[in-house]
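Chain by chain, the residues:
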Amino acid sequence: MSTEDPKTAGTDFIRQIIAQDVASGKYERIVTRFPPEPNGYLHIGHAKSICLNFGVARENPGGRCHLRFDDSNPETEEIRFVEAIKKDVKWLGFDWGEHLYFASDYFEDLYGFAVRLIQGGKAYVCGLSEEEIRRHRGTVTVPGLNSPYRDRSVSENLDLFARMRAGEFPDGKHVLRAKIDMASPNMKMRDPLLYRIRHIPHYRTGDKWCLYPMYDFVHCLSDALEGITHSICTLEFENNRELYDWIIENVPAPSRPRQYEFARLNLNYTVMSKRKLMELVEGGHVTGWDDPRLPTIAGIRRRGYTPEAIRNFSDRIGVARSNSVVDASLLEHSIRDDLNTKVPRVMAVLDPIRLVILNLPVGQILELEAPNFPDDPSKMGFRKIPFSRELFIERSDFMEDPPKKFFRLAPGKEVRLRWAFFVTCVDVKKDAEGDVVEVHCTYDPETLGGDAPDGRRVKGTIHWVSVPHAVDAQVRLYDRLFSVPDPEEDKEAGFIRNLNPDSLKIVTARVEPSLAGASRGDRFQFERTGYFIADEKDHASEKPVFNRIVPLRDSWGKISAKV
RNA sequence: UGGGGAGUCGUCUAAUGGUAGGACAGCGGACUCUGGAUCCGUAUGUGGGGGUUCAAAUCCUCCCUCCCCAGCCA
């Protein structure tokens, strides 16, 4: 488990309950669990739950958190998702140690509990069809009707249940239901289904079973079997808690776990449900589950986010019981905050235009040096940056007719080239269409290193790369996947239409030669531009590929937008 | 409409009868070889009406709004 996090700030309501339980001596140790279903990839909402469950376990002496795959539906679950989920949890910095579990390992125990329920007259085999069961359930305002099979004898139920297991019946022929109350105001308590027949092989148990338990039966008993003390889930399971307790109380459960619910994470400008994520992936709207624009852990990782940033984000958003939507800017702040002190600075020109230094001879090359961590005296480190007559600068750093507060290059204006010299624009060269293709300058050799001996100051500093030394790199400029804060706003129209057409722009950038030595996964700040990572799949030293993790805050952008 | 939940700055979240605080976003300024970072300052909030109390975000009451539940998904 990670230890470098600052002490978790919040004493949220979950931690308060646990603190009380610890103080009262209710439990010997705190045991939580993170219970994903292996039918898809984890997303940042799961990260919140992971940080909560593993965090709580870490904060309490002797505490532990289990990783349990809630795999009782053979139709959708796959081993590849198990592996992906394990990788993601580890990457986030958490360790379940010996405590890796599968609900499917409990099938035999669970079956035994079901038998006990039947023996106690608390469950029955129902032969109603799916449609009939639905009709008998009633509605939120109309009580349900008892199943005609509700009063079968214990022995008949036992016999039928055994034959269900033995495979004597086709899918849907019978189900096992709890005998509770068809008139309960809580729909979850209207004789809920406990087992269904599915003649489908399970990714772990193979053909051993054709009878599979349902979530409400599996979850509480898995918790009890593992000695979970605090079973933390999301708000939509609030109505299930009554059933959770009912089952625990009506079987000889080995322990007495309690369920607590918190609000799941919502983020604006994205979607979070597995179904919608699946639609984006399968519809080809993104390149895969690890597309850097997706809020999946795999996507966020490939985008270049760090686990520290995600954990800090998780601390910052807190844990509460009211539905909420967190602003994407908080996530962006978390990664900038982390990377700012960690990654080296380099220069890269994303949208190049040539700058020619008229008073520097053709072929002359100056070997300059630039610090890798200009703001951190404890991290020395320099790299060579060659300087020559022709440079690339950012197209947006020159304007022929600049507005008032534009501090960059313009005819007659002097700026500093980062770690090099002052240059003054004396002329421009245009093409047939009248567009500027070259910016002509003179440089002041006295300003080597970036300061003028005569005390002269400049307002702007711009980055640059020497033309003959520049390395081409593919740069993927990622932006928000959706162009509106709430992509699901209009349920009818769907969320796909709200996709941001500019969520990915690929450019060929000219980067400083030191970047030729970058390895996959290396992160940098491209000065004045943003944070970037060498792509974990596509980057190669012969063909560099960088993903933009997040742009730098841009106060000029705000000023220029107003003008 | 039955039941279960939730309403605090723009956003997220504290305050558990006693000065409504923090973070992000915003705005203003300082500083700066990144219009970055950093630092300083600043505006904005208890859904509404009654009530209890010396004192209410907090307790009572009525109302309003939003979310969840009618899968053989989890």
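What counts, and where the lines are drawn
- Residues numbered from 1 in each chain as written.
- Chains lettered and ligands numbered in written order.
- Predicted model: local features only at pLDDT ≥ 70, side-chain atom pairs only at ≥ 80, totals over all residues.
- Heavy atoms only, no water.
- Near = heavy atom within 4 Å.
- Polar contact = N/O pair within 3.5 Å; in protein donor to acceptor, adjacent residues only side chain to side chain.
- Helix = DSSP H or I, 4+ residues; strand = E, 2+ residues; numbered from the N terminus.
- Domains from an automatic or database assignment.
- Contact = heavy atoms within 4.5 Å.
- Buried area = accessible area lost by both parts, 1.4 Å probe.
- Phe/Tyr/Trp six-rings, centres within 6.5 Å; stacked < 30°, edge-to-face > 60°.
- Buried < 20%, exposed > 50% of the residue type's maximum accessible area, 1.4 Å probe, protein only.
- Pairing = 2+ DSSP bridges.
- Axes fitted to C-alpha atoms, helices over the stretch in contact; angles between N-to-C directions.
- Salt bridge = Lys/Arg side-chain N within 4 Å of Asp/Glu carboxyl O.

**Q** Any chance you could break down the protein's contact with RNA strand B for me, citing the residues and the numbers?
**A** Taken together, 68 residues lie around RNA strand B, and Arg-345, Asp-375, Arg-416, Gly-449 and Gln-525 are the ones closest in. Each atom of RNA strand B within 4 Å of the protein belongs either to a base or to sugar and phosphate, the latter forming 66%. In this structure, a base nitrogen belonging to RNA strand B sits 2.5 Å away from a side-chain N or O atom of Gln-525. Considering each element in turn, the surface near RNA strand B owes the most residues, five residues, to helix 13 (residues 555-562).

**Q** Can you lay out the domain arrangement of chain A for me, pointing to particular residues and giving the numbers?
**A** Along its sequence, chain A is organised into domain 1 (6-262), domain 2 (274-339 + 473-561) and domain 3 (345-469). On a C-alpha basis, the centroid separation for the pair domain 1 and domain 2 is 35 Å. Counting residues at the interface gives 26 residues for domain 1, matched by 26 residues for domain 2. Between domain 1 and domain 2, the buried area comes to about 2,400 Å², and carbon and sulfur atoms account for 66% of it.

**Q** So what's going on with the packing of aromatic side chains? Residues and values would help.
**A** Under the counting rule described, the total for this entry stands at 20 aromatic pairs. Ring geometry for Tyr-111 and Trp-209: centres 6.0 Å apart, planes at 50 degrees, overall tilted. Of this pair, Tyr-111 sits in helix 4 (residues 107-119) while Trp-209 sits in the loop between strand 6 (193-197) and strand 7 (211-213), placing them 98 residues apart in sequence. We classify Trp-209 as buried; its relative accessible area is 4%. With centroids separated by 6.2 Å and ring planes inclined at 80 degrees, the aromatic side chains of Phe-524 and Phe-546 adopt a geometry described as edge-to-face. With Phe-524 in strand 23 (residues 523-526) and Phe-546 in strand 25 (residues 545-551), this residue pair connects regions lying 22 residues apart in the sequence.

**Q** So, the sheet that holds strand 21 (residues 471-478): which residues are in play, and what are the values?
**A** The strand order 10-23-24-25-21-22-11 describes an open sheet built from seven strands, whose pairing is mixed. Unpaired on one side and paired on the other, strand 10 (345-346) and strand 11 (348-349) mark the two borders of the sheet. Pairing between strand 21 and strand 25: three bridges, direction parallel. Across the sheet, the residue bridging to Gln-474 is Val-545, located in strand 25. Contacts from helix 12 (residues 328-342) reach strand 10, strand 23, strand 24 (530-534) and strand 25, with the element oriented near 115 degrees to strand 25.

**Q** Can you explain unusual backbone geometry? Please cite residues and give values.
**A** A positive phi angle, near 40 degrees, is found at Asp-191, a position not held by glycine. By secondary structure assignment, the location of Asp-191 is in the loop between strand 5 (175-178) and strand 6.

**Q** How would you summarise the pattern of salt bridges if you had to cite specific residues and measurements?
**A** Pairing between side chains becomes possible if they bear opposite charge and their charged atoms approach one another. In the structure shown here, the tally under the stated rule is 51 salt bridges. Here Arg-204 makes a salt bridge to Asp-105, at a shortest N to O gap of 2.9 Å. One end of the pair, Arg-204, is in the loop between strand 6 and strand 7; the other, Asp-105, is in the loop between strand 3 (100-102) and helix 4, with 99 residues separating them in the sequence. For Arg-204, a relative accessible area of 34% translates into the label partly exposed. A cluster of three or more residues bridged by salt bridges with shared partners is formed by Asp-290, Arg-302, Arg-476, Asp-535, Lys-537 and Asp-538.

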